[in-house]
Amino acid sequence: MDIAIMGYGTVGSGTVNVLNRNRELIASDGGEVIRVKSILDLREFPGDPYEDRIVHDFESILNDPTIQVVAETMGGIHPAFEYISQLLAAGKSVVTSNKDLVAAHGEELVEIAAENGVDFYYEASVGGGIPVIRMINECMIQEKITEITAILNGTTNYILTEMEDEGASFEETLEDAQELGYAERNPESDVEAMDPARKLAILSTHAYCLYVDWEKVERRGITNITKEDIEIAKAMDYHIKLIARSRMIGPRLFAGVEPIMLHEDHPLARVEGVYNGITVKGNMLDDITIYGKGAGAYPTGSAVAADIICAALNKAQGISKTTSHHYHEVKPESYSSLGQEYMIRTNKEVSLPMEDIISGMVLEGPIYAYFTKQLKTQELRDLFRRLERRGVQVLNYFVVEAEDPVD
Ligand code: HSE
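Everything numeric here is computed off the predicted structure, so don't read it as measured data.

Definitions and cut-offs
- Residues numbered from 1 in each chain as written.
- Predicted model: local features only at pLDDT ≥ 70, side-chain atom pairs only at ≥ 80, totals over all residues.
- Heavy atoms only, no water.
- Helix = DSSP H or I, 4+ residues; strand = E, 2+ residues; numbered from the N terminus.
- Buried < 20%, exposed > 50% of the residue type's maximum accessible area, 1.4 Å probe, protein only.
- Contact = heavy atoms within 4.5 Å.
- Domains from an automatic or database assignment.
- Buried area = accessible area lost by both parts, 1.4 Å probe.
- Patch = residues over 30% accessible without salt bridge, like charges linked within 9 Å, V, L, I, M, F, W, Y side chains within 5 Å.
- Areas by Shrake-Rupley, 256 points an atom, 1.4 Å probe, with all protein chains shown as cover.
- Salt bridge = Lys/Arg side-chain N within 4 Å of Asp/Glu carboxyl O.
- Lys, Arg positive; Asp, Glu negative; His and termini not counted.
- Charge placed at Lys NZ, Arg CZ, Asp CG, Glu CD.
- Core = buried A, V, L, I, M, F, W, Y, C linked by side-chain atoms within 4.5 Å.
- Axes fitted to C-alpha atoms, helices over the stretch in contact; angles between N-to-C directions.
- Parallel < 35°, antiparallel > 145°, perpendicular 65-115°, else oblique.
- Left-handed = near helix turned anticlockwise from the far one by under 90°.
- Nonpolar A, V, L, I, M, F, W, Y, C, P; charged D, E, K, R; others polar.
- Near = heavy atom within 4 Å.
- Polar contact = N/O pair within 3.5 Å; in protein donor to acceptor, adjacent residues only side chain to side chain.

### Regarding the environment of Thr323
Relative to the helices and strands, Thr323 resides in the loop between helix H12 (297–317) and strand E13 (333–334). Among the residues examined, Thr323 registers a relative accessible area of 53% and is labelled exposed. If near-sequence neighbours (up to four positions away) are discounted, Thr323 is found in contact with Val110 and Ala114.

### A look at the domain arrangement of the protein chain
Domain parsing of the protein chain yields domain 1 (2–129 + 297–327), domain 2 (135–292) and domain 3 (339–400). Just the C-alpha atoms count here: the centres of domain 1 and domain 2 sit 27 Å apart. The interface of domain 1 with domain 2 comprises ten residues on the first partner and 13 residues on the second. Approximately 1,100 Å² of surface area, both sides summed, lies buried where domain 1 meets domain 2, with 69% of it carried by carbon and sulfur atoms. Taken as a group, Ala103, Val126 and Tyr327 account for 51% of the area that domain 1 buries against domain 2, more than any other trio of residues on that side.

### Re a negative patch on the surface
Side chains of Asp165, Glu166, Glu171, Glu172, Glu175, Asp176 and Glu179 sit close together on the surface and give a patch of like negative charge. Going through the elements one at a time, helix H7 (154–166) and helix H8 (170–179) are the ones with two or more residues in the negative patch. As for its position among the elements, Asp165 is in helix H7.

### Considerations on the nonpolar core
Within the largest apolar cluster, 83 residues are counted, with the highest numbers of intra-cluster contacts made by Phe120 and Ile278. Among residues more than four places away in sequence, those in contact with Phe120 are Ile84, Leu88, Val94, Thr96, Val102, Gly106, Leu109, Val110, Ala113 and Thr322. Judged by nonpolar contacts, the second largest core, of 27 residues, contains Leu19, Ile54, Tyr121 and Ile309.

### Some remarks on the packing of H7 against H8
Two elements in contact, H7 and H8, have axes separated by 9 Å at closest approach and are oriented at 125°. In this view, H7 runs oblique relative to H8, as classed from their interaxial angle. For the crossing formed where H7 meets H8, the hand is right-handed. Mapping the contact onto sequence places Tyr158, Ile159, Glu162 and Met163 in H7 and Phe170, Thr173, Leu174 and Ala177 in H8. Of the residues belonging to the contact of H7 with H8, the class tally is six nonpolar, one polar and one charged.

### Structural notes on the pattern of salt bridges
Using the criterion set out here, one finds 20 salt bridges in the structure. When the shortest N-O distance is used, the salt bridge between Arg35 and Asp2 registers 3.0 Å. With Arg35 in strand E2 (residues 35–40) and Asp2 in strand E1 (residues 2–6), this residue pair connects regions lying 33 residues apart in the sequence. Owing to a relative accessible area of 41%, Arg35 belongs among the partly exposed residues under this scheme. Between Asp195 and Lys199 there is a salt bridge, and its shortest N-O distance comes to 2.7 Å. Here the residue Asp195 and the residue Lys199 both occupy positions in helix H10 (residues 194–208), the gap between them amounting to four residues, near one helical turn. Classification of Lys199 as buried rests on a relative accessible area of 6%. Several salt bridges converge on common partners, so that one network encompasses Lys99, Asp195 and Lys199.

### Focus on the site of the ligand
Looking at the ligand, the residues that line it are Lys99, Asn153, Gly154, Thr155, Asp190, Asp195, Lys199, Gly294 and Ala295. Lys99 places a side-chain nitrogen or oxygen 2.7 Å from an oxygen atom of the ligand. Measuring from an oxygen atom of the ligand, one finds a side-chain N or O atom of Lys199 at 2.8 Å. Starting from 260 Å² of accessible surface for the ligand in isolation, the protein chains cover 82%. Of all the secondary-structure elements, those providing two or more residues to the shell around the ligand are H7 and H10. A breakdown of the residues in the shell around the ligand according to their chemical character gives one nonpolar, four polar and four charged.

If you want it as structure tokens, here you go:
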């Protein structure tokens, strides 16, 4: 079957490599013989083995009746959204690795695909090579999913791991990560937690069959984490991780992304470097944790290739498996409104008794840190105010991984 790739960057070229390297395996495994007929990119690629397939005009793909499946690996919302809408309307199945697009317009594109009897798949938009959307949609179809806890951003996980291993500051580590090509030149989407909020919204929409708008997910990034915070965590056998969480309690959805101190026994505590880890809780099977490379040419290209093969198999059988969701939107409530324990770092010792709130001192001078009892958002704010009145400033605070937050 003829396919096209739009965008010959890291993920697009990784996808072509996966399809090429495993070509015989894919065909012998009951898959379709996949032929990459066209690759859309603005650039030329002299000397590339696929040089002769490079095209510069989208219409040549849209109007080619032999191309039945298209992979979009360009990134960005425009013109990806317009291209994909037109391809779906023209009866082609589309797969994408583009999380910004899926978080913003995924439901709309699913509708267009369903109306036109074709597929729209986006496994690679969350967790790179980790097949988490398929796991939720297919392997957990029998389960009522109640909770997701995940590390969904490789860049920030790399930075936090390096800060822990090297004792370096956030700024130094970010610079190194940019030089090594792990972090973008404009790292805002990663370090301010927009990227994992988008991915959490995509996963939550699938898991709970409710539409979750990523912009309404509360988030706190990692830019104000200091060497001292890492030192406190280490001293207590904890690791600071940027955790994306959502949880259904009755009809209410709680969601958030923030740095959390996880005890070293927690399954996600040792997810290091650019790896991602995702725990999904089902009401019958309890927790499943999957772990793997969350970014990079081959892992992400592998997830795109899997979607291409599924879409091609459906096309060959004349069927589509994409159905309209018509999910109703649920506004996520703040995860912090559930009671949680915190670690607070202060500028000086808390000398007056506060046993009603503070459960113990973690470190004393020159770094002062305390564990709190389980607090809700308002109670945490009250604590900060009480401390302030006593001349104690809270320099940073983290949720400490709690087994069972209560409403
Ligand atoms: N910037 C993303 C990350 C790339 O660091 O995880 C993969 O989605």
